Amino acid sequence: VQLQASGGGLVQPGGSLRLSCAASGSTASINIMGWFRLAPGKEREFVATINRSGGATHYADSVKGRFTISRDNALNTLYLQMNSLKPEDTAVYYCAALGFGRWPVLRAERYDYWGQGTQVTVSS
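Section: the overall build of the chain
So, point 1. Regarding its fold elements, the chain presents zero helices and 11 strands.
So, point 2. For the chain, the N- to C-terminal ordering of α and β elements is β-β-β-β-β-β-β-β-β-β-β.
So, point 3. For 124 residues, the compact-globule estimate of 2.2 N^0.38 gives 14 Å, and the chain sits close to it at 13 Å.
So, point 4. For the chain, the C-alpha atoms occupy an extent of roughly 40 × 25 × 25 Å along the three principal directions.
So, point 5. Within the chain, the proportion of its 124 residues that are buried is 44%.
So, point 6. Here the contacts in the chain between residues at least 6 apart in sequence split such that 57% fall between residues at least 24 apart.
So, point 7. Summing over all exposed atoms, the chain offers an accessible surface of approximately 6,300 Å²; the carbon and sulfur share of this is 48%.
So, point 8. Across the chain, the centroid of the 12 positively charged side chains sits 4 Å from that of the 8 negatively charged ones.

Some points on the sheet that holds strand E3 (residues 17-24)
So, point 1. Overall, antiparallel pairing links the four strands, which are arranged E1-E3-E8-E7 in an open sheet. Either end of the sheet is taken by a strand with one partner, and the two such strands are strand E1 (2-6) and strand E7 (67-72). The mean angle between the axes of side-by-side strands here comes to 15°, regardless of whether they run parallel or antiparallel.
So, point 2. In this sheet, E3 lies alongside E1 in antiparallel orientation, the contact comprising five bridges. Residue pairing across strands places Leu3 opposite Ala23, the latter belonging to E3.

Re the pairing of strand E8 (residues 77-82)
So, point 1. Of all six residues in E8, five are buried; the element is thus mostly enclosed.
So, point 2. The pairing of E3 with E8 spans six bridges and is antiparallel. Pairing of Cys21 across the sheet is with Leu78, part of E8.
So, point 3. As judged from the six bridges shared by E7 and E8, these two strands associate in the antiparallel manner.

A closer look at the packing of aromatic side chains
So, point 1. The tally for this structure, following the rule as stated, stands at four aromatic pairs.
So, point 2. Seen from their ring centres, Phe36 and Tyr111 are 5.2 Å apart, and the 80° between their planes marks the pair as edge-to-face. One end of the pair, Phe36, is in strand E4 (residues 32-38); the other, Tyr111, is in the loop between strand E9 (91-98) and strand E10 (113-114), with 75 residues separating them in the sequence. Note on accessibility: Phe36 and Tyr111 belong to one class, buried.
So, point 3. Taking 5.2 Å as the distance between ring centres and 55° as the angle between the ring planes, the aromatic pair formed by Phe36 and Trp114 counts as tilted. Of this pair, Phe36 sits in strand E4 while Trp114 is found in strand E10, placing the two residues 78 residues apart along the sequence.
So, point 4. On the accessibility criterion, Phe36 (1% relative accessible area) is buried.
So, point 5. Members of the aromatic cluster, joined through ring pairs, are Phe36, Phe46, Tyr111 and Trp114.
So, point 6. The ring of Trp114 carries the charged tip of Arg44 above its face, separated from the ring centre by 4.8 Å.

Basis of the calculations
Residues numbered from 1 in each chain as written. Predicted model: local features only at pLDDT ≥ 70, side-chain atom pairs only at ≥ 80, totals over all residues. Heavy atoms only, no water. Helix = DSSP H or I, 4+ residues; strand = E, 2+ residues; numbered from the N terminus. Rg over C-alpha atoms; globule rule 2.2 N^0.38 Å. Buried < 20%, exposed > 50% of the residue type's maximum accessible area, 1.4 Å probe, protein only. Contact = heavy atoms within 4.5 Å. Areas by Shrake-Rupley, 256 points an atom, 1.4 Å probe, with all protein chains shown as cover. Lys, Arg positive; Asp, Glu negative; His and termini not counted. Charge placed at Lys NZ, Arg CZ, Asp CG, Glu CD. Pairing = 2+ DSSP bridges. Axes fitted to C-alpha atoms, helices over the stretch in contact; angles between N-to-C directions. Phe/Tyr/Trp six-rings, centres within 6.5 Å; stacked < 30°, edge-to-face > 60°. Lys NZ or Arg CZ within 6 Å of the ring centre and 35° of its normal.

The following block contains the structure:
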């Protein structure tokens, strides 16, 4: 499985961005997918996760109500809609996927596959 993240960029505080993560390869083995982020000087942080059907989602408290995770299994694509962005959301965002896990999977080390990361910068 290969994951390719895109959609990052520079946005002003209060703005929006939508990240995408295209999966290829043995996509039938993908079950849970998620987003993580890594900011300078900080540890990798869980952002959001979604189950295979898209019917269950889980968010970090820091993004709840502002970010929405979704997926289109027909397109093998994961999304992260980010609204009301804050400077503290600045980070490299990574998409991740795994085959099987006990829902929800919040720990990065449980994920089997990772994208290359896309930079999100929130600044005026």
